[in-house]
Amino acid sequence: MRNKTQHTTCIQLLTMVVMFAVLSCTNTPPPTPKDLAKENLIPKPVSLTATGSSFAINDQTVIYLQGNTAELQQIGNYLAEKLKPATGFGMQVQATEEAPASGHFYLTLTGDKGQYGDEGYELSISEEQVKLSAPKPAGLFRGIQTIRQLLPAKIELGTPQEGPWEIATGTIRDYPGYAYRGAMLDVSRHFFQVDDVKRFIDLIATYKMNILHLHLADDQGWRIEIKSWPNLTLHGGQTQVGGGEGGYYTQEQYTDLVNYAQERYITIVPEIDMPGHTNAALSSYAELNCDGKATKLYTGTDVGFSTLCTKKEVVYVFIEDVIRELAALTPGPYIHVGGDESHVTALEDYIPFINRVQDIVQTHGKMMIGWDEVTEARLNPTSVAQYWAKAENAQKAVAQGAKVIISPAKKAYMDMQYDSTTQWGLHWAGYIEVDSGYIWNPATLVEGVTKENILGVEAPLWTETITNMEEIEYMVFPRLPGYAEIAWSAGPNDWEEYKVRLGQQKARFEAMDINYYPSDLVPWASQDTTKEVH
Ligand code: TNX
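Structural notes, computed from the coordinates.

Rules behind the numbers
Residues numbered from 1 in each chain as written. Predicted model: local features only at pLDDT ≥ 70, side-chain atom pairs only at ≥ 80, totals over all residues. Heavy atoms only, no water. Buried < 20%, exposed > 50% of the residue type's maximum accessible area, 1.4 Å probe, protein only. Helix = DSSP H or I, 4+ residues; strand = E, 2+ residues; numbered from the N terminus. Pairing = 2+ DSSP bridges. Right-handed = clockwise from strand over helix to strand, strands pointing away. Phe/Tyr/Trp six-rings, centres within 6.5 Å; stacked < 30°, edge-to-face > 60°. Near = heavy atom within 4 Å. Polar contact = N/O pair within 3.5 Å; in protein donor to acceptor, adjacent residues only side chain to side chain. Areas by Shrake-Rupley, 256 points an atom, 1.4 Å probe, with all protein chains shown as cover. Nonpolar A, V, L, I, M, F, W, Y, C, P; charged D, E, K, R; others polar.

1. With respect to the pairing of strand β14 (residues 384-387)
Phase 1: The side-chain alternation of β14 yields two buried faces, one formed by V384 and Q386 and the other by A385 and Y387.
Phase 2: Here strand β13 (residues 367-371) runs beside β14; their pairing, made up of three bridges, is parallel. Within the sheet, the bridge partner assigned to G370 lies in β14 and is A385.
Phase 3: In terms of strand pairing, β14 meets strand β15 (residues 403-406) through four bridges, oriented parallel. Across the sheet, Q386 pairs through a bridge with I405, a residue of β15.
Phase 4: Handedness of the crossover joining β14 and β15 through helix α10 (residues 391-399): right-handed.

2. Some details on the packing of aromatic side chains
Phase 1: Under the criterion given, the structure shown has 28 aromatic pairs.
Phase 2: Between Y207 and F477 the ring centres are 6.2 Å apart and the planes differ by 55°, which places this aromatic pair in the tilted class. Separated by 270 residues along the polypeptide, Y207 in the loop between α4 (194-206) and β9 (211-218) and F477 in the loop between α13 (469-476) and α14 (479-489) bring together distant segments of the chain. The same class applies to Y207 as to F477, namely buried.
Phase 3: Relative to F509, the ring of F477 lies with its centre 5.3 Å away and its plane at 70°, an arrangement referred to as edge-to-face. Taken together, the residues span a long stretch of sequence, with F477 in the loop between α13 and α14 and F509 in helix α16 (residues 506-511) at a distance of 32 residues.

3. Re the site of the ligand
Phase 1: Close to the ligand lie 13 residues, the nearest being R189, Y413, D415, W428 and E464.
Phase 2: Between D340 and the ligand, the recorded distance is 2.9 Å, taken from a side-chain N or O atom to a nitrogen atom.
Phase 3: Interatomic distance of 3.2 Å between a side-chain N/O atom of E341 and a nitrogen atom of the ligand.
Phase 4: Considering the ligand on its own, with 360 Å² of exposed area, one finds that the protein chains cover 97% of that surface.
Phase 5: Of the residues contributing to the shell around the ligand, the split by class is seven nonpolar, one polar and five charged.

In structure tokens form, the structure reads like this:
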């Protein structure tokens, strides 16, 4: 009897020793208490519940994928590439049939759309696992942006940093309020190289935008190669505002951009502005002019002086060729035909012109988008008007059964200066400080144009005064996260609450090397605040 008790005590002791050894070997500190509800996410998610603890990424953490498709693999790799540089961890990506053991990421496709739609996701974080599930791959991609923002800002740096790499526990359920959430970049007034456009794509992807509208042709330059009309780029692409050397994208380069965007679940909407804003084309091909004479290249910033000769058949041959080639390069559903500020096109010529162009776009299997002036014509219900200036044009679109993209110059034009001291930009629509850019609601902006009529929100950056990436970033940040939130969250928005979250982005902007405007209206947090529960 005595012997047996001794034996039991011995085993107990041994077990304790082994357990202690195992614990000290794996050296796992207890999870840090953290409050998911205190995280500063932009855009703000639809719902969030916090459970008070944390998940820690370590050098053993794997990104498991439920399923083995190339698309899932690519999304897993994207997450790994975001986490590897700063953590210095291997971040392996692996397909798996069953739920993984403790300590890992788990990305799953649920199939059933439910409330989540094409881009929604559920992120459920426990001490054991970060599980990201979505009906569609795009939802996983959006959810990854949330994961990035739940990690310390230094996760965005390109070299290994000290951990810990902890994520607060709880559940986030999230999906967008508007289907179309975009930014526009004018590459005509000043040309920007492929790498700059890629960075722009990465920046907008961070805030869950899904559209990049490229303004590819205007008076100052034609920027996309059209093989059947080669002079458009050879001649019409060779300068820009101020007389610099301009440039253009070959079809190959453009396809590279389209693919780069697509991998980030961003659709490129290409715009060829017409019948006005066409001097680069009119200078490249004499026959597009009513007088048959090619114009000179233009490097100024006036608008509204040029027009295609709408009465000439060759103009429609030209448009047919351009749209055909552009449609072939465009997996997305839209082609933007401009249509704005055609001040030297008579209205009786403008209307049949737009009607005919709309038919050409449709013949090539695409839906037409035009600036709000196109509502003068007969819009088909699949066409979309982009409201920038005239409220009654947005109402006309709705009356014709067409949808509206909301891009009010007074609120959403990122080329508008913040205030009178801003070095770049214009102010014809007013100054747009960071608060003013955020305090508005697309669904109540124009009487009679409600959420059901609105496809989404887009913030354009015109580049008459913008010449390089640093200047682009200064005009875009910090306003863009606000536009992204307006489009994603689609609810009533509260500047006092938002400005705190925006201020917390400072460390992230800096880690991403973004040249942002440090507005006095934003309470910039001097460093990543610790979100630990005390
Ligand atoms: C108006 S917005 C324009 C552009 C200019 C912009 C400058 C629109 C449809 N047309 O041509 O670049 O103002 O802010």
